[in-house]
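Chain and residue survey
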Amino acid sequence: MRTQPPSLLSLAVDASVLHLSHFSDLSPLPDHILLDLFLKRTLRAGKLNEKILKLFLATGKEEVLSLIQTLNIQHILTPVLPTKSPKMSVVNNIEDGEIDIVIGALHSDLRPFMSAWKSIFSRYHLIIVKDPDLKDDLQIPEGLSFKIDIYTKSHIDKVVGSSTSIAFSGYSCKYFGFLVSRKKYVVSIDDDCVPAKDADSFLIDPVAQHLRNLATPATPFFFNTLYDPYRNGADFVRGYPFSLRSGVTCALSCGLWLNLADLDAPTQALKPEKRNSRYVDAVMTIPARVMMPISGINIAFNRELVGPALCPALRLTGEGKVRWETMEDIWSGMCVKVVCDHLGLGVKSGLPYVWRNDRGDAIESLKKEWEGVKLMEEVVPWFQSMVLSRTATTTEDCVAEMAKRVKEQLGGSDPGFGRAAEAMMDWVELWKKVGSGPSPV
Amino acid sequence: MVEPATDTKSAVRTVALLKDELDIVIPTIRNLDFLEMWRPFFEPYHLIIVQDGDPTKTIKVPDGFDYELYNRNDINKILGPKASCISFKDSACRCFGYMVSKKKYIFTIDDDCFVAKDPSGKAINALEQHIKNLLCPSTPFFFNTLYDPFREGADFVRGYPFSLREGVPTAVSHGLWLNIPDYDAPTQLVKPLERNTRYVDAVMTIPKGTLFPMCGMNLAFHRELIGPAMYFGLMGDGQPIGRYDDMWAGWCIKVICDHLGLGVKTGLPYIYHSKASNPFVNLRKEYKGIFWQEEIIPFFQAVSLPKDCTTVQKCYIELAKMVKDKLGKIDPYFDKLADAMVTWIDAWDELNPTGAANKGKKA
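Residues numbered from 1 in each chain as written. Chains lettered and ligands numbered in written order. Predicted model: local features only at pLDDT ≥ 70, side-chain atom pairs only at ≥ 80, totals over all residues. Heavy atoms only, no water.

The name given to chain B in an unreviewed UniProt entry is UDP-arabinopyranose mutase, with the source organism recorded as Linum tenue. According to its UniProt record, chain B has this under Function (unreviewed entry): "Probable UDP-L-arabinose mutase involved in the biosynthesis of cell wall non-cellulosic polysaccharides." Reading the Sequence similarities (unreviewed entry) entry of the UniProt record for chain B gives the comment "Belongs to the RGP family." (UniProt positions renumbered as here; feature names shortened; annotations may be inferred.)

Chain A has the name UDP-arabinopyranose mutase 5 in an unreviewed UniProt entry, where Linum tenue is given as its organism. Here chain A is described in UniProt, under the heading Subcellular location (unreviewed entry), as follows: "Golgi apparatus". UniProt lists a comment for chain A under the heading Sequence similarities (unreviewed entry), and it reads "Belongs to the RGP family."

**Observations concerning the overall build of chain A**
When helices and strands are tallied, chain A shows 15 helices and 9 strands. In terms of overall size, chain A is more extended than a compact globule, its C-alpha atoms giving a radius of gyration of 32 Å where 441 residues would be expected to give roughly 22 Å. For the C-alpha atoms alone, the extent of chain A along its principal axes is close to 115 × 55 × 50 Å. A burial count over chain A gives 54% of its 441 residues as buried. When contacts within chain A are restricted to residue pairs at least 6 apart in sequence, long-range pairs at least 24 apart make up 76% of them. (Helix = DSSP H or I, 4+ residues; strand = E, 2+ residues; numbered from the N terminus. Rg over C-alpha atoms; globule rule 2.2 N^0.38 Å. Buried < 20%, exposed > 50% of the residue type's maximum accessible area, 1.4 Å probe, protein only. Contact = heavy atoms within 4.5 Å.)

**Focus: the nonpolar core**
Burial of nonpolar side chains together is a common tendency in soluble globular proteins. Core analysis: the largest hydrophobic core is formed by 250 residues, its most contacted members being Phe121(A), Trp331(A), Phe383(A) and Trp248(B). For Trp331(A), the residues in contact, after removing those within four places along its chain, are Ala313(A), Leu314(A), Val379(A), Phe383(A), Val406(A), Leu410(A), Phe417(A), Ala420(A) and Met424(A). One finds Val17(A), Leu34(A), Leu37(A) and Phe38(A) within the second-largest nonpolar core, a separate group that totals 14 residues. (Core = buried A, V, L, I, M, F, W, Y, C linked by side-chain atoms within 4.5 Å.)

**A closer look at the pairing of strand S4 (residues 185-189) of chain A**
Residues and elements named next belong to chain A. For S4, a buried count of 5 out of 5 residues is recorded, marking the element as mostly surrounded by other parts of the structure. Relative to S4, strand S1 (residues 99-105) runs parallel, the two being bridged by 4 bridges. If you follow Ile-101 over to S4, its bridge partner there is Val-187. Of the strand pairs in this sheet, S4 and strand S8 (residues 298-302) are connected by 5 bridges, and their pairing is antiparallel. Looking at the pairing, Val-186 lines up with Phe-301 of S8. (Pairing = 2+ DSSP bridges.)

**Thoughts on the UniProt feature "site: Required for activity" (unreviewed entry) in chain B**
Mapped onto the present numbering, the UniProt feature "site: Required for activity" (unreviewed entry) falls at Arg158(B) and Arg165(B). Assignment of secondary structure puts Arg158(B) in the loop between helix H4 (126-135) and strand S6 (170-179). Among residues more than four places away in sequence, those in contact with Arg158(B) are Asp262(A), Leu263(A), Asp264(A), Pro293(A), Ser295(A), Arg323(A), Thr326(A), Met327(A), Asp329(A) and Ile330(A). Of note is the side chain of Arg158(B), whose polar atom sits 2.8 Å from the side chain of Asp262(A). Note that Arg165(B) resides in the loop between H4 and S6. A residue is classified by how much of its surface remains accessible, and Arg165(B), at 10% relative accessible area, is buried. A polar contact of 2.5 Å, which involves the side chain of Arg165(B), links it to the side chain of Asp264(A). (Polar contact = N/O pair within 3.5 Å; in protein donor to acceptor, adjacent residues only side chain to side chain.)

**Re the confidence of the model for chain B**
All names here are of chain B. Model confidence for chain B is summarised by a mean pLDDT of 92, while 96% of its residues fall at 70 or above. Looking across chain B, the model is least confident in helix H5 (residues 185-190), with a mean pLDDT of 92, and most confident in strand S8 (residues 218-222), with 98. Contacts for the low-pLDDT stretch residues 356-363, under 50 throughout, to residues beyond four places or in other chains number 22 contacts. Scored by ipTM, the complex comes to 0.92, with pTM at 0.85. (pLDDT = per-residue confidence, 0-100.)

**Focus: the UniProt feature "glycosylation site" (unreviewed entry) in chain B**
Here, the residues flagged by UniProt with the feature "glycosylation site" (unreviewed entry) are Arg158(B). Here Arg158(B) falls in the buried class, since its relative accessible area comes to 1%. Polar contacts involving the side chain of Arg158(B) include one to the main-chain carbonyl oxygen of Thr326(A), which spans 3.2 Å.

**Some points on the packing of helix H7 (residues 245-260) of chain B against helix H8 (residues 279-302) of chain B**
All names here are of chain B. Two elements in contact, H7 and H8, have axes separated by 10 Å at closest approach and are oriented at 15 degrees. Regarding the angle of H7 to H8, the classification is roughly parallel. Handedness of the H7/H8 crossing: right-handed. Contacts between H7 and H8 involve Trp-248, Trp-251, Cys-252 and Val-255 from the former and Gln-293, Ile-296, Ile-297 and Phe-300 from the latter. (Axes fitted to C-alpha atoms, helices over the stretch in contact; angles between N-to-C directions. Parallel < 35°, antiparallel > 145°, perpendicular 65-115°, else oblique. Left-handed = near helix turned anticlockwise from the far one by under 90°.)

**What about the interface of chain A and chain B?**
Across the contact, 58 residues belong to chain A and 62 residues belong to chain B. Counting each side, the surface lost to burial between chain A and chain B is near 5000 Å², with a carbon and sulfur contribution of 58%. Contact with chain B buries surface across chain A, with Phe223(A), Arg238(A) and Arg278(A) losing the most and accounting together for 17% of the total. If you look at where chain A meets chain B, you find 11 salt bridges. Between Lys271(A) and Asp155(B) there is a salt bridge, and its shortest N-O distance comes to 2.4 Å. Put simply, chain A and chain B have 28 residue pairs in polar contact (both at pLDDT 80 or more) between them. Considering every element that reaches the side of chain A that touches chain B, the biggest residue donor is helix H13 (residues 371-384) of chain A, with 5 residues. Taken together, the residues that form the side of chain A that touches chain B break down as 32 nonpolar, 12 polar and 14 charged. (Buried area = accessible area lost by both parts, 1.4 Å probe. Salt bridge = Lys/Arg side-chain N within 4 Å of Asp/Glu carboxyl O. Nonpolar A, V, L, I, M, F, W, Y, C, P; charged D, E, K, R; others polar.)

**A look at the packing of helix H11 (residues 328-343) of chain A against H13(A)**
All names here are of chain A. Across the interface, H11 lies against H13 with an axial gap of 11 Å and an inter-helix angle of 5 degrees. As far as their axial angle goes, H13 and H11 are roughly parallel. Residues Ile-330, Trp-331, Met-334, Cys-335 and Val-338 of H11 touch H13, and the partners they reach there are Met-376, Val-379, Val-380 and Phe-383. Each residue belonging to the contact of H11 with H13 can be placed in one class, and the counts come to 9 nonpolar, no polar and no charged.

**Details of the state of the cysteines**
Within this structure, the stated rule accounts for 0 disulfides over all chains. A disulfide-free cysteine, Cys398(A) has its sulfur positioned 9.5 Å from the sulfur of Cys340(A), the nearest such atom. This cysteine, Cys113(B), is not joined by any disulfide, and Cys215(B) carries the nearest cysteine sulfur, 7.6 Å off. Since its relative accessible area comes to 0%, Cys113(B) is described here as buried. (Disulfide = S-S within 2.5 Å.)

**Digging into the packing of aromatic side chains**
Aromatic rings in a pair are described by how distant their centres are and how their planes are angled relative to each other. Across all of its chains, the model carries 40 aromatic pairs over all chains by this definition. Centre to centre, the rings of Phe178(A) and Phe301(A) are 4.9 Å apart; their planes meet at 75 degrees, and the pair counts as edge-to-face. Of this pair, Phe178(A) sits in helix H7 (residues 173-180) while Phe301(A) is found in strand S8, placing the two residues 123 residues apart along the sequence. Taken individually, Phe178(A) and Phe301(A) each receive the classification buried, so the pair is uniform in this respect. When the centroid spacing of 4.8 Å and the interplanar angle of 80 degrees are considered together, the rings of Tyr98(B) and Phe221(B) count as edge-to-face. Highlighted residues: Tyr98(B) in helix H3 (residues 95-100) and Phe221(B) in strand S8, separated in sequence by 123 residues. Chaining the aromatic ring pairs together yields one cluster made of Tyr151(A), Phe168(A), Tyr175(A), Phe176(A), Phe178(A), Phe301(A), Trp427(A) and Trp431(A). (Phe/Tyr/Trp six-rings, centres within 6.5 Å; stacked < 30°, edge-to-face > 60°.)

**Remarks on the domain arrangement of chain A**
Domains assigned within chain A are domain 1 (11-70) and domain 2 (87-434). Computed over C-alpha atoms only, the centres of domain 1 of chain A and domain 2 of chain A are separated by 70 Å. (Domains from an automatic or database assignment.)

**Considering a nonpolar patch on the surface**
A contiguous nonpolar surface patch, about 310 Å² in accessible area, is contributed by Leu189(B), Val190(B) and Phe280(B). For Leu189(B), a relative accessible area of 32% corresponds to the partly exposed category. (Patch = residues over 30% accessible without salt bridge, like charges linked within 9 Å, V, L, I, M, F, W, Y side chains within 5 Å. Areas by Shrake-Rupley, 256 points an atom, 1.4 Å probe, with all protein chains shown as cover.)

**Focus: helix H2 (residues 31-45) of chain A**
Residues and elements named next belong to chain A. Taking 1.5 Å of rise per residue, the 15 residues of H2 would be expected to cover 21 Å, and the 20 Å separating its terminal C-alpha atoms lies within 8% of that figure. For H2, the full list of buried residues reads Ile-33, Leu-34, Asp-36, Leu-37, Phe-38, Arg-41 and Thr-42. A positive phi of about 70 degrees marks Gly-46, the residue just after H2. (Expected span 1.5 Å × (residues − 1).)

Structure representation (structure tokens):
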């Protein structure tokens, strides 16, 4: 039996389904055609969408509306997504946007490092500075939701030029990151460190702890035997003067290291198996006028307050690519401590810990001419006796004055000190030129 | 929640270090039942009990302990008129025990301090840790970021000058407290429920030139090196101030240790402090101290002892002069205190006449 050919109406309705989105008003259509259009054609053809549904609703025809209700066709409610609000650190009102994480890349393959730190670093802006001596290209994992700026030799050359005595090679490369950062707080961790784990095997977030340290006052004028009085569950003890309980601003936070502690080469060579497994659950303020070896492996600082004081100045002639062959951070740290003591700022030490991977050979490092050890003998008493003049009221002034004294008083005993003095003076100039204002890179 | 070690009977009795060279000084007005918990650790040692308060009351000491006990009558008999320097109705009287001891080291503990547990649940032998602290050098001239470098598992960090790694003799070992922390009255009133549950696994040297609040609850010291400076002042009955005895001693010993090149350590060991004293009573006692310490601290921070003060006694007498001179104007109490400091030294020398005065040299 021959099928009936489609009627003209049928063809017209079919055609209209195809062009339904171009219609602005369906109300002129007779009810039965409207229903037909809706039920048999639009729905069956799977062409119902939000816009078309609105079209049909707009007709106001009762039967269409009751059909929609019976079939339980509903609008897709688009949830109103909140605008991306600045994520606040859990404590003390430091916004993520105020922080830069600066990493000095002494290894080209940063993939294991970045993977290890992904969950902790991903909310912050990262500055990676590649050691200018590193030949291979940096390898960063793909598809990470990091905000990273990578600076290499060419950036350093462009910004710093050749007019400076500062060498940004090796561990000193990270200072370039400090220089070009425009954030209030900087956290810096060596590229051979990964997050440590707490007793429940959760990753310890050193950034959060550093920020807590920097955001709470330091108490350098009197020692609190229960350590940091601003920590939960602690306070000032009996006998602590009340006038000293408001503390001072903390400018520098020095963290520690599990596994491979920051020991010098002779010590590590003597005890090659020695690893640090003791987690000391304390943060404390280093008292005023007390010097200490500040390690650059795991630190954070308030760049606005002490940025210029962290200077890449002291380079050993045999300086290498392992911490056992450097002293730049120890020197820089003592400069910062003197500046903080002079300006009434605080330095904290203790938590957070990072896990430092085994790297290098202490005995090999020992074979090199170990000048660092010799230099420290002179350096420590000299820094301890340093009293800056009253006229030095800014960090830059303090560093400039220290540089002058280094040249005058230490320059004679070792050329390394003379070079350090030059580097410090260059650093102050560099900081004044490109340490603030629009980014030079 | 921290808890004290309740069954210490099974605690390992290690070799009692310095058994014949150390006295344990305990001030008390009640009983000494708490010693039962400490038995495995204290039994090998000689105790000096200083009974404060009513001398007619009998203090019961658990069996098996070797002790000598002194009450107020004994103190008066032994010291005669010099007894005026020993506080009455205050635990400051404990310093009498330091004076009459013939041993090289002293450990003093309050009678509401019990054995604490470390994070692994093991009972802490506080005395053993204090002895370790005292027998190892201190490092006051440069701060070591890994804390006490002489502890097992620790060391000096990179950058620490080798010439400073020998350290200096340790004169004082200041321990800490879990559970009830040593807060002053205002802090106690604001935070009556705060408990110290944080076990900080560190011992460290307090740097030279830095003062600290020394608590006498859990303290050990090298009597021959610093004993005469451990005077706990005039407190309690008839005095305008209380609860500053150990603080006063702490400021004095630190200044003298800094001058003589001796070390003071703080940190481990922890004891479990069980009793919170009444904060209102404490406030009345401390009240004046809270104001006075604002002037006392700068005074001590500015103290510079002359080079010819080469012994502890000389330093202390000099300090007494400075107290009279500079602090006398705050309150007549300080005049009295300065005099008492001199009396104390006289009494000390009288009871400890072995020729040479205590020198601040290597033990």
